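The primary structure of each chain is shown beneath.
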Amino acid sequence: MKRSPTQAEWVRRFGKPALILPITGYWLNKIWVGEKKEEYREDKPYYQRLLKKYKDFPTFTVGYRAGYRLDSPMAVCLCTLRKGEGLEEWGAEKGKRYFIFCILKVYDFE
């Protein structure tokens, strides 16, 4: 199984992704191995302000980091953004609206 790089390793080698979001280790591993194709953030004022600048971009890079430290594991993905209801098996709650990051590609560190 390939190793998930840390944020510090990724930034040193490739530069900073457009957006870095925290995520639990469980979901990070699902993204890293390709089992999870969407990530969700609640449609609330904080994310409305944060994501406003990405609405006109067809794709952008997102770093999903398991923790808040620079040495926490991170997966960098090419994503698109839309609003809607997510899938329960990927962590969404039924009937709730989300910002949905559709993961098109998980970049390999090697």
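Residues numbered from 1 in each chain as written. Predicted model: local features only at pLDDT ≥ 70, side-chain atom pairs only at ≥ 80, totals over all residues. Heavy atoms only, no water.

S.K.: Which parts of the structure should I look at to understand the state of the cysteines?
M.R.: A covalent bond between the sulfur atoms of two cysteines is referred to as a disulfide. Following the criterion strictly, the structure yields 0 disulfides and no others. Lacking any disulfide linkage, Cys77 is separated from the closest cysteine sulfur, that of Cys79, by 5.1 Å. (Disulfide = S-S within 2.5 Å.)

S.K.: Looking at this structure, how should I read the nonpolar core?
M.R.: Burial of nonpolar side chains together is a common tendency in soluble globular proteins. In this structure, Leu19, Leu21, Leu51, Val62, Tyr64, Cys79 and Phe101 are the most contacted members of the largest nonpolar core, which totals 19 residues. Sorting the residues of this core by element identifies strand 1 (19–22), helix 2 (25–32), helix 3 (45–51), strand 3 (60–65), strand 4 (74–85) and strand 5 (97–106) as the ones contributing at least two each. Excluding residues that lie within four positions of it along the chain, Val62 makes contacts with Pro17, Leu19, Leu21, Ala75, Val76, Cys77, Cys79 and Phe101. Within the second largest apolar cluster, 6 residues are counted, among which are Tyr40, Ala92, Tyr98 and Cys102. (Core = buried A, V, L, I, M, F, W, Y, C linked by side-chain atoms within 4.5 Å. Buried < 20%, exposed > 50% of the residue type's maximum accessible area, 1.4 Å probe, protein only. Helix = DSSP H or I, 4+ residues; strand = E, 2+ residues; numbered from the N terminus. Contact = heavy atoms within 4.5 Å.)

S.K.: How do you make sense of the packing of aromatic side chains when you look at a structure like this?
M.R.: Each aromatic ring pair is characterised by the separation of its centres together with the angle its planes make. This structure, assessed with the given rule, holds 8 aromatic pairs. Aromatic side chains Tyr26 and Trp27 sit 4.8 Å apart centroid to centroid with 75° between the ring planes, which places their arrangement in the edge-to-face category. Relative to Tyr47, the ring of Tyr46 lies with its centre 4.9 Å away and its plane at 80°, an arrangement referred to as edge-to-face. Since its relative accessible area comes to 18%, Tyr47 is described here as buried. What links up through ring pairs into an aromatic cluster is the set Tyr54, Phe57, Phe60, Tyr64 and Phe101. A cation over an aromatic ring shows up here: Lys36 above the ring of Trp27, its NZ or CZ 4.2 Å from the ring centre. (Phe/Tyr/Trp six-rings, centres within 6.5 Å; stacked < 30°, edge-to-face > 60°. Lys NZ or Arg CZ within 6 Å of the ring centre and 35° of its normal.)

S.K.: I keep staring at the environment of Gly86 and nothing clicks. Help me out?
M.R.: Position of Gly86 relative to the elements: it lies in the loop between strand 4 and strand 5. Separated by 42 residues in sequence, Gly86 and Lys44 have C-alpha atoms that sit 15 Å apart. Apart from the residues lying within four places of it in its own chain, the contact partners of Gly86 are Tyr40, Ala92, Lys96, Tyr98 and Ile100.

S.K.: Teacher, can you tell me more about the pairing of strand 4 here?
M.R.: The two faces of a sheet get side chains in turn, since along a regular strand they alternate between them. As defined by bridge partners, strand 3 adjoins strand 4 across 6 bridges and the pair is classed as antiparallel. Directly across from Thr61, in strand 4, lies its bridge partner Leu78. Alignment of strand 4 against strand 5, held across 9 bridges, turns out to be antiparallel. Residue Cys77 lies in a different strand from strand 5, and its bridge partner there is Val106. (Pairing = 2+ DSSP bridges.)

S.K.: Would you take a moment to explain the pattern of salt bridges for this structure?
M.R.: A side chain of one charge can pair with a side chain of the opposite charge if their charged atoms are brought near each other. Tallied over the entire structure, the rule returns 10 salt bridges. In this structure, Glu39 and Lys36 form a salt bridge, with 2.5 Å as the shortest nitrogen-oxygen distance. Here Glu39 and Lys36 have matching classes, each one buried. The salt bridge involving Glu93 is made with Lys96; its shortest N-O contact spans 3.5 Å. Here Glu93 falls in the partly exposed class, since its relative accessible area comes to 46%. When salt bridges with common partners are traced through the structure, they connect Glu42, Lys44, Glu93 and Lys96 into a single cluster. (Salt bridge = Lys/Arg side-chain N within 4 Å of Asp/Glu carboxyl O.)

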